[in-house]
Amino acid sequence: MKVTVECLPCLDRLIAMTVEAASPDPMLRKRASTAAREFVLSMQGEPLSAAHLANRFYPLIQSICGNPDPFSERKRREMDASFGFAREYAPAESASFRELIGFSGLGNAIDFFRPAEAMEAQLRLGASFAVDEVARLEARLGSDCRSLLWLADNAGEAFFDLPVLQRLAKAGLRVLYAVKGGPVQNDVTLQDLQNWLEREAAAWRGIEVIDTGVATVGLELDKTSTTFRRAFDSADVIVAKGMGHYETLDGFGDPRLFFLLMAKCHPVSRALGAPVGGLAAFFAPNDACSDNS
């Protein structure tokens, strides 16, 4: 999904938020902001998504500010709050697969662009899919599927993903939960999740947590580690959470890919045919040329 003029204010806001989190030094902030904004301007017209651009200016900010993980504290707070939300609104053990996927989808409402009150209001409303292929996913997972690769998104979402991951692991699927290979924005890394894996070990039993081997918003498959690529290539179904994965994998044409996200901006809303704030759950169209090389 290519960047549009509408994406530029959002990218500018992301730069400002990242720089503010990365350093208290006004001179470093100015240098980092200027470098990131000049980069974005230099890339106008290139066939890249907003997520691809963020993957290229984020390391600039990290380097200039000398901070490898600007959002570490924010992620910690986000995970603490999300753990509480997930417990409060958790589906019943008897919940249907659709309810579990809906709960996971609601976790995508947790985003550092949105106030906490808006996120909790969304949880109270519950899940309603504007684009709904949940039944297709359930059928695919219940047929001859042996392995599921789940591409994680924002740090706080892990607790909303967990109930459906548990259900599938108990059903006998091999479930791999792939986090980012290093800090990027507020996406979850193995380091972010490690404390919870130890603290809530029983809850994560049967779920294999791996990382992509690279710090990118979404997934740039050609940059991932050999270990992750083997997991990707061998998975029967791949669930990709969040807009970043949609932006970087849209057009990949792999029929195993299932996107689960909330449309948080007008360009993505129009592309999906879903309202802003609407949940979308759908398989990637397989009429595009698949490039698994």
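Preceding this paragraph is the structure being described.
Since we're looking at a predicted model, the values are computed, not measured. The numbering scheme is per chain: residues are counted from 1 as the chain's sequence reads. pLDDT decides what is reported in this predicted model: residues at 70 or higher carry local features, side-chain atom pairs at 80 or more are listed and counted, and totals for whole chains, interfaces and linings draw on all residues regardless. Neither water nor hydrogens contribute to the side-chain values; these are computed over all heavy atoms in the structure.

Enquirer: How should I be thinking about the side chain of Asp-161 in this particular structure?
Expert: The residue Asp-161 is located in helix α8 (residues 158-170) in this model. Of the polar contacts made by the side chain of Asp-161, one reaches the side chain of Ser-104; its length is 2.7 Å. Contact definition: two residues touch when any of their heavy atoms are within 4.5 Å. Apart from the residues lying within four places of it in its own chain, the contact partners of Asp-161 are Ser-104, Trp-150, Tyr-177 and Lys-241. Strands here are runs of E lasting at least two residues and helices are runs of H or I lasting at least four, both read from the DSSP assignment and numbered beginning at the N terminus. Polar contacts here mean pairs of N or O atoms no more than 3.5 Å apart (in protein, one a potential hydrogen donor and the other a potential acceptor; neighbouring residues in sequence count only if both atoms are side-chain atoms).

Enquirer: Teacher, can you tell me more about the pattern of salt bridges here?
Expert: A side-chain nitrogen of Lys or Arg and a carboxyl oxygen of Asp or Glu constitute a salt bridge if their distance falls within 4 Å. Throughout the structure, instances matching the rule amount to 19 salt bridges. With its nearest N and O atoms 2.3 Å apart, the salt bridge here joins Glu-6 to Arg-270. In this pair, Glu-6 sits in the segment before α1 (7-22) while Arg-270 sits in helix α12 (residues 266-272), placing the two residues 264 residues apart along the sequence. Arg-256 is the salt-bridge partner of Asp-254, the closest N and O atoms lying 2.7 Å from each other. Considered together, Asp-254 and Arg-256 belong to a single accessibility category, that of buried residues. Beyond isolated ion pairs, a larger network of salt bridges with shared partners links Glu-73, Arg-76, Arg-77 and Asp-80. Remark: exposure states derive from per-residue accessible area (1.4 Å probe, protein chains only) relative to the maximum for the residue type, with buried under 20%, exposed over 50%, and partly exposed in between.

Enquirer: Honestly, the layout of surface pockets in this entry has me stumped. Any pointers?
Expert: Empty space among the atoms becomes visible once a probe the size of a water molecule is rolled across them. Taken as a whole, the second largest pocket spans an internal volume of roughly 460 Å³. Elements with a minimum of two residues in the lining of the second largest pocket: α4 (72-88), α5 (97-107) and α8. If you tally residues by element for the lining of the second largest pocket, the top one is α8, at six residues. Under the grouping applied here, Gly and all other residues not named as nonpolar or charged are polar, the nonpolar ones being Ala, Val, Leu, Ile, Met, Phe, Trp, Tyr, Cys and Pro and the charged ones Asp, Glu, Lys and Arg. Partitioning the lining of the second largest pocket into residue classes produces 12 nonpolar, one polar and five charged. Points on a 1 Å grid over protein atoms alone make up a cavity when a 1.4 Å probe fits among them but cannot get out, and a pocket when they form an open set with protein on both sides within 12 Å along at least five of seven lines; lining residues each have an atom within 4 Å of a point. Grid points are joined across faces, edges and corners, and a volume is the space filled by probe spheres set on the points.

Enquirer: Is there a simple way to think about unusual backbone geometry in this case?
Expert: The general pattern is negative phi for most residues beyond glycine and trans for most peptide bonds. Phi angles above zero are rare outside glycine, and Gln-185 is one such case at about 50°. Along the polypeptide, Gln-185 turns up in the loop between β3 (174-179) and α9 (190-199).

Enquirer: How do you make sense of the packing of α1 against helix α3 (residues 50-65) when you look at a structure like this?
Expert: Working note: a packed helix pair is described by the angle between its axes plus the distance between those axes. As a rule, the C-alpha atoms of each element are fitted with a line to give its axis, helices using only the stretch in contact, and angles between N-to-C directions run from 0 to 180 degrees. Relative to each other, α1 and α3 sit at 25°, their axes nearing to 10 Å. Here α1 lies roughly parallel to α3, going by the angle between them. The two elements α1 and α3 cross, and the hand of that crossing is right-handed. Facing Cys-7, Leu-11, Leu-14, Ile-15, Thr-18, Val-19 and Ala-22 of α1, the residues of α3 in contact are Ala-50, Leu-53, Ala-54, Phe-57, Tyr-58, Ile-61 and Cys-65. Each angle gets one of four labels, with under 35 degrees taken as roughly parallel, over 145 as roughly antiparallel, 65 to 115 as roughly perpendicular, and the rest as oblique. Rotating anticlockwise by less than a right angle from the far helix to the near helix defines a left-handed crossing, while the corresponding clockwise rotation defines a right-handed one.

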